[in-house]
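Now for the letters of each chain:
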Amino acid sequence: VGVELVTALIGNAPASAANGVPGNLVTFECPKSLVGRVIGKGGETINELQRRSGARIQIEQRVPDGQPCVIEVQGDEAAIQEAI
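Residues numbered from 1 in each chain as written. Predicted model: local features only at pLDDT ≥ 70, side-chain atom pairs only at ≥ 80, totals over all residues. Heavy atoms only, no water.

Caption draft 1: Seen up close, the nonpolar core. Among the nonpolar cores identified, the biggest contains 18 residues, and Ile57, Ile59, Ile71 and Val73 are the most heavily contacted of them. Looking at this core, the elements that each hand over two or more residues are strand S2 (24-30), helix H2 (35-39), helix H3 (44-53), strand S3 (56-60), strand S4 (69-75) and helix H4 (77-83). If we skip the residues at most four places from it in the chain, Ile59 touches Val35, Val38, Ile39, Ile46, Cys69, Val70 and Ile71. (Core = buried A, V, L, I, M, F, W, Y, C linked by side-chain atoms within 4.5 Å. Buried < 20%, exposed > 50% of the residue type's maximum accessible area, 1.4 Å probe, protein only. Helix = DSSP H or I, 4+ residues; strand = E, 2+ residues; numbered from the N terminus. Contact = heavy atoms within 4.5 Å.)

Caption draft 2: Fine view of the pairing of S4. Residues of S4 alternate between two faces, with Cys69, Ile71, Val73 and Gly75 buried on one and Val70, Glu72 and Gln74 left unburied on the opposite face. Bridge count for S2 against S4 is seven bridges, and the pairing is antiparallel. If you follow Thr27 over to S4, its bridge partner there is Glu72. Judged from the five bridges that link them, S3 and S4 form a sheet pairing that is antiparallel. Looking at S4, one finds that Gln58 is bridged to Glu72. (Pairing = 2+ DSSP bridges.)

Caption draft 3: Highlighting the pattern of salt bridges. This model, assessed by the stated rule, comprises two salt bridges. With its nearest N and O atoms 2.8 Å apart, the salt bridge here joins Arg51 to Glu48. Separated by three residues within a single helix, Arg51 and Glu48 lie in helix H3, roughly one turn from each other. With its nearest N and O atoms 3.1 Å apart, the salt bridge here joins Arg52 to Glu82. One end of the pair, Arg52, is in helix H3; the other, Glu82, is in helix H4, with 30 residues separating them in the sequence. (Salt bridge = Lys/Arg side-chain N within 4 Å of Asp/Glu carboxyl O.)

Caption draft 4: Focus on the environment of Asn47. Along the chain, Asn47 falls in helix H3. With 10 residues separating them along the chain, Asn47 and Ile57 place their C-alpha atoms 8.6 Å apart.

The analysis is restricted to geometry; functional conclusions fall outside its scope.
Right, here's the structure in full:
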């Protein structure tokens, strides 16, 4: 469920994307109400995504009410593509 959610969110136009060098960073927004599904119980979903892809995934959850959370996916191009 979380994997499909991340894929759907990324497909909805990332807020920014860097490409061409190792350590690329893609950021996108996620409604605060869906962040728990991306993270998964005890971090299970996000940890699996990171393990499988090799990308680093960070979620900034400390945002004002009504504002979306920002998800950052960092790694080489192949790792980012695997994560999303």
